[in-house]
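# Architecture at a glance
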Amino acid sequence: MLNLLWPIFLIVSIIYAIATGKAEQLNSGIFDAVKDAVDLSITFLGTMCLWNGIMKIVQETSLMNKLVKFIEPFMRFLFPKLKGNKRAYQEISLNMVANIMGLGNAATPLGIKAMTTMQKDNPKKDTLTDSMIMFILINTASLQLIPTNVIAIRMSLGSENSAGIIVPVWIATVAAAFAGIMATKFAIHKWGEGKDRKW
Amino acid sequence: MVNYISNAAMPIIILLIVGYGLKEKIKVYDTFLDGAKEGLEMVFRLLPTLIGIFMAIGALRSSGILDLIVKIISPICIFFDLPSQIMPLALIRPISGSASMAVAVDIMQEFGVDSTIGMIASTIMGSTETTLYTIAVYTGCVGIKKIRFALATALIADFVGMLTSIIICKIL
């Protein structure tokens, strides 16, 4: 996608700038931007390392397994068809907990494992099952409890209230997840497995 | 009050995590360093994207094209009472994680981190995911081609998340 967008952005800007006599601004605009990118990366370093370090400790504790138990009621609501599949159940739970704790590096491999397990029981190997769709939706919903990366970046940009976005993020995340889950539940109800498959 | 809760949440969580690690007799400092190293790698991985996207945005902005586009879409945004400056982020967010982070950083620098626009950009980044990438990874890893309504429902969630981000930041 960006292989298409990026050159379009550049070509259009350069032609437009030269045609409207803004070659000078364009020149400094591009090179200032590149310098900005490097400066920012250096300021990101400290806070990003801090949060990744703290979250690594979480990964080593039994906190993850405790949280798995905590989310069990949600699991039953989200994946009613996976009841008999203990392994898929556990892998999905771990993936969700990793997402909630903001452990992106741990969540993706766990999620891939869960998909592989669910694929074993999938009668149509080239098509997503209802449970898989719900699982992917949960992963696109960004259930992160603390948006550490965004906070880290806000801090390095000199925000006086870098953590002030936590509550807004919670509200927006819950709203998005709720809408997504309800839409998926509705779609499963209407066009789910065993029904006349329009999708 | 909302600010205080937000501010207290982070130190309390650090306290809980480190305390819990100690209770389970984990070498917390060594583990911390391991994680910090991962953070370092993340920033290094982000740098090329940051340069690429900043370069493109720099060109779009300094040429005056960005102003032109914002001007064109602003009547629609005004009609729905949406800030048009946030639109580039909203459009790129589902497509690319690092590119949208670069766009968000650019918005925060341009309009101020703590301005309403800056807060909206941060909230969108924190509450949504790179939907297309996530779907691609999870279907690709098991060789699935037919995704049924997965994209539609995920985009509904993104849309609601972005709209809520805008509304909530305007209220607070």
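Attention in this report is confined to the structure presented alongside it. (Residues numbered from 1 in each chain as written. Chains lettered and ligands numbered in written order. Predicted model: local features only at pLDDT ≥ 70, side-chain atom pairs only at ≥ 80, totals over all residues. Heavy atoms only, no water.)

Attention shifts here to the interface of chain B and chain A. Counting residues at the interface gives 90 residues for chain B and 100 residues for chain A. Counting the surface chain B buries against chain A, the share from its top three residues, B:Tyr138, B:Arg148 and B:Phe149, is 10%. The tally of links from chain B across to chain A stands at four salt bridges. Of the charged contacts in the structure, one is a salt bridge between B:Arg148 and A:Asp130, with a shortest N-O distance of 2.8 Å. Scanning the region where chain B abuts chain A turns up 19 residue pairs in polar contact (both at pLDDT 80 or more). Elements that contribute at least two residues to the side of chain B that touches chain A include exactly helix H1 (2-23), helix H2 (28-62), helix H3 (65-79), helix H5 (97-111), helix H6 (116-127), helix H7 (131-140) and helix H8 (150-171) of chain B. With 24 residues, H2(B) is the single largest residue contributor to the side of chain B that touches chain A. Considered class by class, the residues forming the side of chain B that touches chain A number 53 nonpolar, 28 polar and nine charged. (Contact = heavy atoms within 4.5 Å. Buried area = accessible area lost by both parts, 1.4 Å probe. Salt bridge = Lys/Arg side-chain N within 4 Å of Asp/Glu carboxyl O. Polar contact = N/O pair within 3.5 Å; in protein donor to acceptor, adjacent residues only side chain to side chain. Helix = DSSP H or I, 4+ residues; strand = E, 2+ residues; numbered from the N terminus. Nonpolar A, V, L, I, M, F, W, Y, C, P; charged D, E, K, R; others polar.)

Across soluble globular proteins, nonpolar side chains have a tendency to be buried as a group. Ranked by internal contacts, the top residues of the largest apolar core, which has 102 residues, are A:Phe44, A:Ile92, A:Met115, A:Met118, A:Phe135 and B:Ile86. For this core, the element with the highest residue contribution is helix H2 (residues 23-60) of chain A, accounting for 10 residues. In this structure, A:Phe44 is in contact with A:Ile153, A:Ser156, B:Val43, B:Leu46, B:Leu50 and B:Val105, ignoring residues within four places of it in sequence. Counting five residues, the second largest nonpolar core, distinct from the first, contains A:Leu10, A:Ala17, A:Leu26 and A:Ile30. (Core = buried A, V, L, I, M, F, W, Y, C linked by side-chain atoms within 4.5 Å. Buried < 20%, exposed > 50% of the residue type's maximum accessible area, 1.4 Å probe, protein only.)

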